[in-house]
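Observations on the three-dimensional arrangement
Now for the letters of each chain:
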Amino acid sequence: MIWIAIRMLTGDGQKFYGLVFGIAFSTLLITQQLTIFVNLIERGASSVYNVPTADVWVMDEVSRTTDVNYPMASTALDRVRSVPGVEWAVPHLRAGASVRSGDGDLEGVSIVGVDDATLIGLPLRMVTGSADVLSQPDSVIIDDVGVARLFEDGRSPIEERLELNDQRAVIRAVADAIPSFTSQVTLYTKYSQALRYVPGTRNRLSFVLVGASPGVTAGELATRIEAATGLRARTRDQFARDGVDFIIQNTGIPLNFGITVALGFIVGVAIVGLTFSLFIRDNIKQFGALKAIGVTNAKIGRMVAAQAGLVGLIGYGLGVVGTVLFIWSFSANPTFKGFYIPWQIPLISLVAVALILALTGWLALRNVLRTEPASVFR
Amino acid sequence: MSGVLLDTSAIGGCNPAAAICTRGVTRDFKAGQQTITVLHGIDLDVRSGELTYLVGESGSGKTTLISIMCGILWPTLGEVKVFGTDIYSLGDTELVEFRLKNIGFIFQQYNLIPSIDAASNAAVPLIAQGVDRNEARERAVAMLERLNIGNQAAKLPNQLSGGQQQRVAIARALVHEPRLVVCDEPTAALDAASGRRVMDLLRDVAVAADRACIIVTHDNRIFDLADRILVLEDGRITHDGKHMPEGH
Ligand SMILES: Nc1ncnc2c1ncn2[C@@H]1O[C@H](COP(=O)(O)OP(=O)(O)OP(=O)(O)O)[C@@H](O)[C@H]1O
Ligand SMILES: [Mg+2]
């Protein structure tokens, strides 16, 4: 009977494709929007992930994220270094500045000052050049998104001069970095150099990056540093999470994406529900005949479930493949750099598809079950 | 055979040999505020091995009665035995399974499934019984051959003429060798010659010593082909004989 059910459905091309389209569309919308949402808010943690060697980030009590920070006095570094369990601790500066590019355009940039001696604080990989270039005078390293923003014409950025708050800067390498939430241009330079670029108040130490001694967990160490120094200390994972939470709490993004995902669900229910009921209505005589001949309601239910299952499987597959193609086709665009589909998202859209089909299939099935077998003689 | 020694209907029992036996079957329909009684206490025996007609004017209750006799419409009152089984005392699922095993249906509108071929349509009762798909198909093709449309087995319903579609519907009613075949207005849509051909065909394949066949019709062109004619008027049987009464 299942075989007959499948043939009934696929035999009606228009409705079959309508149903598959409805499911595929919903899946695509839900999967794609959730993927973009998750990747976008994870950008709130990109500055943390760009420095994977730091186990703990230490900052002023009021600092909240890598971008929302309040500088500390330079003595904080020594106070942190004296806490037991600290293997190493280096200064880290983050500040905003304006840059005038060769074309004369003004662009807001983030300046990141990394430890002069160890260069801890730089992204690990370079696209062009190496971290050593920072030993040359006035050197900065630009991130790859920054290249796309400042040099739209595809010109090589190497040896390009920039004017940074009236100071000279020369780009000597390109870092392979995860873009920030706003895709802002980031310029990495030595801490001592960064102090020159960021005009100054007395306190300019944004963070102290800390490595834990063997046998000490990041969590323990952060607690110890807080107790010993009165500063705020966050493990890498906590601080990454802080960045994400900040975006969730301070932007309308979750709501907007939530609305789109809900729309995807509703449109799916509408298209699939309507098409499914039309299909059932067109075949109600046949279903009635089957009931009269001697097919139980349970078997009819299984037939409709098989029809829904087939539509779901094909539609869902197409929707997920569509999302993959979408992400893949935009992967060259720096805004989408590093986008991936977390495994939970296809699972969520699978549940959504199952809900859509359970709901619409049940509505359609009700009509069949309500049909009296005696109606076949009318 | 039945009814010869003892008129069982007179004392309210059922002749064990009767294919169908109805006692006191009444059926009401609600029409808004009113209740209309369509059947008034029908007592009837249908015998195997005969082509039995149920004849009457439009609205007299023929379809209602045949639906009750084949287990797809509950009577308001009364009991129906089909081959000795009191079908309306069965559970829902049992009744459905009883129909699947024992009853063949020929619907006026055929109700074939448009996207499967003639043989598969004819095989539906076997497939529903759980018979292996290839075996079901073989048996369906054999039945189509008996109905002289074996060469159409692989065609979809919309590639067949109306008459051919009806034969597929007949094949579907007979493929699982049910003991009771019911048929509503089989000739209504056909011209006189085709109508008689279908009746000849039904007599050929649907009438057997151990099988009962009831046909609802008001087509006077085929009255002469019946073994027994029952006339229904306003929900009561008013005539029972080989020929139509005078005046109809
Ligand atoms: N489901 C129903 N609900 C309400 N009334 C019904 C229903 N089915 C039948 N009736 C009524 O019962 C009466 C008999 O109907 P039935 O269909 O049995 O007549 P029939 O003899 O088969 O007529 P026809 O020759 O036109 O098919 C009619 O008056 C009809 O309106
Ligand atoms: Mg009728």
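Conventions used here
- Per chain, residue numbering runs from 1 following the sequence as it is written.
- Chain letters and ligand numbers both follow the written order, the letters beginning at A and the numbers at 1.
- In keeping with the predicted nature of the model, local features appear solely for residues at pLDDT of at least 70, side-chain atom pairs appear and are counted solely at 80 or more, and the whole-chain, interface and lining totals rest on all residues.
- With hydrogens and water set aside, each side-chain value is computed from the structure's full complement of heavy atoms.
- Labels follow the DSSP assignment, with helices taken as runs of H or I lasting at least four residues and strands as runs of E lasting at least two, numbered in each case from the N terminus.
- Radius of gyration here uses only the C-alpha atoms, and the compact-globule reference equals 2.2 Å multiplied by the residue count raised to the power 0.38.
- Partly exposed residues are those whose accessible area sits between 20% and 50% of the maximum for their type, while under 20% is buried and over 50% is exposed, using a 1.4 Å probe and protein chains only.
- Note on definitions: a residue-residue contact is assigned when non-hydrogen atoms from the two residues lie within 4.5 Å.
- Residue burial considers only the protein chains on display, and all accessible areas are found by Shrake-Rupley using a 1.4 Å probe.
- Counted as positive: Lys and Arg. Counted as negative: Asp and Glu, with His and the chain ends omitted from the count.
- By convention, charge coordinates are those of NZ in Lys, CZ in Arg, CG in Asp, or CD in Glu.
- In this description, a line fitted to the C-alpha atoms serves as the axis of each element, helices being fitted only across the stretch in contact, and the angle between N-to-C directions of two axes falls anywhere from 0 to 180 degrees.
- For classification purposes, angles smaller than 35 degrees are called roughly parallel, those larger than 145 roughly antiparallel, those between 65 and 115 roughly perpendicular, and all remaining angles oblique.
- Crossing handedness: left-handed means the near helix sits turned counterclockwise from the far one by under a right angle, and right-handed means the same turn made clockwise.
- The residue classification treats Ala, Val, Leu, Ile, Met, Phe, Trp, Tyr, Cys and Pro as nonpolar and Asp, Glu, Lys and Arg as charged. All others, Gly included, are polar.
- Should DSSP find at least two bridges between two strands, the strands are taken to pair.
- Among the buried residues, those of types Ala, Val, Leu, Ile, Met, Phe, Trp, Tyr and Cys that are joined through side-chain atoms within 4.5 Å form a nonpolar core.
- Salt bridges are identified by distance alone: a Lys or Arg side-chain nitrogen within 4 Å of an Asp or Glu carboxyl oxygen.
- Residues enter patches when their relative accessible area tops 30% and they take part in no salt bridge; the joining distance is 9 Å for like charges and 5 Å for the nonpolar side chains Val, Leu, Ile, Met, Phe, Trp and Tyr.
- How far each domain reaches was decided by an automatic or database domain assignment.
- Here's the idea: put two parts together, see how much 1.4 Å probe accessible area each one loses, and the total over both is what we call buried area.
- Under the rule applied, a polar contact is a pair of N or O atoms within 3.5 Å (in protein, one hydrogen donor and one hydrogen acceptor; residues adjacent in sequence only if both atoms are side-chain atoms).
- Here a residue counts as near a molecule or strand whenever at least one of its heavy atoms sits within 4 Å of it.

Another aspect to go through is the overall build of chain B. When its secondary structure is counted, chain B shows eight helices and 10 strands. Here the C-alpha radius of gyration of chain B, 18 Å, is about what a compact globule of 248 residues would show, namely 18 Å. Buried residues in chain B amount to 54% of all 248 residues. Of all intrachain contacts in chain B linking residues separated by at least 6 positions in sequence, the fraction that spans at least 24 positions is 66%. Total accessible area on chain B is roughly 10900 Å²; 47% of this is exposed by carbon and sulfur atoms. Averaging the positions of the 24 positive and the 30 negative side-chain charges in chain B gives two centres separated by 3 Å.

All names here are of chain A. Look at helix 10 (residues 284-293) against helix 12 (residues 344-370): their axes get within 9 Å of each other, and the N-to-C directions meet at 55 degrees. Here helix 12 runs oblique to helix 10, going by the angle between their axes. Helix 12 is crossed by helix 10, and the crossing has right-handed handedness. Note on element contacts: helix 12 touches helix 10 through Asn367, Val368, Leu369 and Arg370, opposite Ile284, Phe287 and Lys291. Taken together, the residues that form the contact of helix 10 with helix 12 break down as four nonpolar, one polar and two charged.

Here we come to the pairing of strand 1 (residues 56-59) of chain A. All names here are of chain A. Residue alternation in strand 1 divides its side chains into two sets, Val56 and Val58 and Trp57 and Met59, and both sets are buried. Relative to strand 10 (residues 232-235), strand 1 runs antiparallel, the two sharing four bridges. Bridging from a neighbouring strand, valine 56 pairs with threonine 235 of strand 10. Note: strand 1 against strand 9 (residues 207-212), three bridges, orientation antiparallel. Pairing of valine 58 across the sheet is with valine 208, part of strand 9.

In this section: the nonpolar core. One finds Tyr53 and Phe105 of chain B to be the most contacted residues of the largest nonpolar core, which totals 120 residues. For this core, the leading source of residues is helix 11 (residues 297-329) of chain A, giving seven residues. When sequence neighbours within four positions are dropped, the list of residues in contact with phenylalanine 105 of chain B reads Ala292, Ile293 and Phe377 of chain A together with Cys70, Ile72, Arg99, Ala169, Ala173 and Val182 of chain B. Formed by 40 residues, the second largest nonpolar core is a distinct cluster that contains Val83, Val99, Val147 and Tyr197 of chain A.

All names here are of chain B. Two strands pair when backbone bridges link them, and strand 1 (residues 20-31) and strand 4 (residues 77-82) are joined in this way by five bridges, in the antiparallel orientation. Each residue of the ladder has a partner; that of arginine 23, found in strand 4, is glutamate 79. For strand 4 and strand 5 (residues 85-86), the ladder comprises two bridges, and the chain directions are antiparallel. The residue of strand 5 that forms the bridge with valine 82 is threonine 85. Following strand 4, the chain reverses through two residues before pairing antiparallel with strand 5; phenylalanine 83 in that reversal takes a positive phi of roughly 50 degrees.

As a further point, take the pattern of salt bridges. All names here are of chain A. For the coordinates displayed, the defined rule picks out 23 salt bridges over all chains. Note that arginine 168 is salt-bridged to aspartate 138, the shortest N-O span being 3.0 Å. Here aspartate 138 lies in the loop between strand 4 (126-128) and strand 5 (139-143) and arginine 168 lies in strand 7 (residues 167-175), a separation of 30 residues in the sequence. Classification of arginine 168 as partly exposed rests on a relative accessible area of 37%. Judged by relative accessible area, aspartate 138 falls into the buried class, the value being 15%.

With that settled, consider a nonpolar patch on the surface. Residues and elements named next belong to chain A. A grouping of Leu255, Ile259, Leu263 and Ile266 is seen on the molecular surface, where their side chains present a nonpolar patch of about 400 Å² in accessible area. Of note, leucine 255 is situated in helix 9 (residues 253-282). Relative accessible area serves as the criterion here: at 61%, leucine 255 is assigned to the exposed category.

On to the domain arrangement of chain A. A common measure of how large an interface is: the accessible area buried when the components associate. All names here are of chain A. Segmenting chain A into domains produces domain 1 (2-43 + 252-377) and domain 2 (73-230). Taking the mean C-alpha position of each, domain 1 and domain 2 sit 48 Å from one another. Contacts between domain 1 and domain 2 engage six residues on the former and 10 residues on the latter. Of the roughly 630 Å² buried where domain 1 meets domain 2, counting both sides, 64% is carbon and sulfur surface. When residues of domain 1 are sorted by the area they lose upon contact with domain 2, Arg43, Pro334 and Lys337 head the list and together hold 78% of the total. Remark: the boundary between domain 1 and domain 2 carries two salt bridges. Among the salt bridges present, the one from aspartate 176 reaches lysine 337, with a minimum N-O distance of 2.6 Å. The tally of links between domain 1 and domain 2 comes to three residue pairs in polar contact (both at pLDDT 80 or more).

Our next topic: the site of ligand 1. Around ligand 1 sit 13 residues, and of these Ser58, Gly59, Lys62, Thr63 and Thr64 of chain B come closest. Neighbouring residues of ligand 1 are not confined to a single chain but are spread across chains A and B. Contacts to ligand 1 include serine 58 of chain B, whose side-chain N or O atom sits 2.5 Å from an oxygen atom. One of the backbone nitrogen or oxygen atoms of glycine 61 of chain B is found 3.1 Å away from an oxygen atom of ligand 1. Contact with the protein chains hides 65% of the accessible area of ligand 1, taken as 640 Å² for the molecule alone. Sorting elements by how many residues they give to the shell around ligand 1 places helix 2 (residues 62-69) of chain B first, with three residues. Taken together, the residues that form the shell around ligand 1 break down as two nonpolar, seven polar and four charged.

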